[in-house]
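# Structural overview
The residues making up each chain are set out below.
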Amino acid sequence: MSSLSEGPFHTSDASSTTDGPRRAILRTADGVRIEAVYEPCSAGVGATAIVIAHGFTGSVGRPSVRRAARVFAQRAAVVTFSFRGHGGSGGRSTVGDREVLDLAAAVEWARGLGHTRVVTAGFSMGGSVVLRHAAMHEGRKEARTDAVAAVSAPARWYYRGTAPMRRLHWVVTRPLGRLVGRYGLATRIHPEVWDPVPLSPVESVPLIAPTPLLIVHGDRDPYFPVDHPRMLAAAGDAELWLEPGMGHAENAAGEELLARLADWLIRA
């Protein structure tokens, strides 16, 4: 599995759009078809669009993703999509590497729909993707983000310090695990290892400024302990929210936190 370069990305193309909420198939720079949904702001003001990047094994239709979209849409327009290998998207998951191309396609689509300001919010694997995307797209207007929030994101690759992460590594690295991923978790995983290893989240953070950056993490996250968000926040110019009692990613993000997160992204 070759890591993507930091060069320019192709413009995404969309099809099958409808009036009001729109469904589309986006095509990434490497040719993968990505399902996406656009929802206008329910309050009728839509200069800003929030692009949501879900966690590993998530998808555009998962209840936790729809809940986040519903809360965000009260304040801004929202784009949700399924990463490659997830939901109705094509390809196979590279667990945070080439997913940057999927996010870039979604951001470009939001700008193509007329939004002058596009921001990104990522959860878990999606959190690592929004960090890397923000670091790699500062000079490309169509695909860049105007603000970025990473929720429950890892700071470094190959972390196995918790039982949930050891189980995840088994799913990703073992043939039997990938079968479980495909048929039990509805996630198709690429069998090849990273070569080269992509830029890590903590290496990405210093490259994001001057784009506003927010790191959000629960103090009861069972996947990544609080040294991960602290490491990310210390690596660059970032605001850090450590949420008391919160677990992991979009499943643990309540509506109050989602509302605060959306307000931060809109104001940043």
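Keep in mind it's a predicted model, so treat the numbers as computed, not measured.

Here is what the cut-offs are and how they apply
- Residues numbered from 1 in each chain as written.
- Predicted model: local features only at pLDDT ≥ 70, side-chain atom pairs only at ≥ 80, totals over all residues.
- Heavy atoms only, no water.
- Axes fitted to C-alpha atoms, helices over the stretch in contact; angles between N-to-C directions.
- Helix = DSSP H or I, 4+ residues; strand = E, 2+ residues; numbered from the N terminus.
- Parallel < 35°, antiparallel > 145°, perpendicular 65-115°, else oblique.
- Contact = heavy atoms within 4.5 Å.
- Nonpolar A, V, L, I, M, F, W, Y, C, P; charged D, E, K, R; others polar.
- 1 Å grid on protein atoms, 1.4 Å probe; cavity = no way out; pocket = protein on both sides within 12 Å on 5 of 7 lines; lining within 4 Å.
- Points joined across faces, edges and corners; volume = space filled by probe spheres on them.
- Phe/Tyr/Trp six-rings, centres within 6.5 Å; stacked < 30°, edge-to-face > 60°.
- Buried < 20%, exposed > 50% of the residue type's maximum accessible area, 1.4 Å probe, protein only.
- Salt bridge = Lys/Arg side-chain N within 4 Å of Asp/Glu carboxyl O.

The N-to-C vectors of helix α4 (residues 163-173) and helix α5 (residues 175-184) enclose an angle of 95 degrees; their axes lie 5 Å apart at closest approach. The angle between α4 and α5 places the two elements in the roughly perpendicular class. Contact residues: α4 offers W170, V171, V172 and T173, while α5 offers P175, L176, G177, R178, V180 and G181. For the contact of α4 with α5, a count of residues per class yields 6 nonpolar, 3 polar and 1 charged.

Empty space among the atoms becomes apparent when a probe as large as a water molecule is rolled across them. Volume-wise, the largest pocket comes out at about 940 Å³. Taken together, the elements giving at least two residues each to the lining of the largest pocket come down to α1 (63-73), α3 (125-136), α4 and α8 (249-252). Here the lining of the largest pocket takes 8 residues from α4, the largest share from any one element. When its residues are assigned to classes, the lining of the largest pocket shows 23 nonpolar, 13 polar and 7 charged.

Attention now goes to the packing of aromatic side chains. For any pair of aromatic rings, the description rests on two quantities: the centre-to-centre distance and the angle between the ring planes. By the definition in use, this model includes 6 aromatic pairs. On the basis of an interplanar angle of 75 degrees and a centroid distance of 6.3 Å, the ring pair of Y38 and W109 is categorised as edge-to-face. Linking Y38 in strand β2 (residues 33-39) with W109 in helix α2 (residues 99-112), this pair joins segments that are 71 residues apart in sequence. You'll find Y38 and W109 in the same group, each marked buried. Centre to centre, the rings of Y159 and F224 are 6.1 Å apart; their planes meet at 45 degrees, and the pair counts as tilted. Of this pair, Y159 sits in the loop between β6 (148-151) and α4 while F224 sits in the loop between β7 (213-218) and α7 (227-234), and the two are 65 residues apart along the sequence. Overall, Y159 belongs to the buried group, its relative accessible area being 13%.

This part takes up the pattern of salt bridges. Here the structure, examined in full by the defined rule, presents 12 salt bridges. R144 serves as the salt-bridge partner of D146, at 2.4 Å between the closest nitrogen and oxygen. Taking the relative accessible area as the measure of exposure, D146 reaches 17% and is therefore buried. Residues E243 and R260 are paired through a salt bridge, measuring 2.7 Å at the closest nitrogen-oxygen approach.

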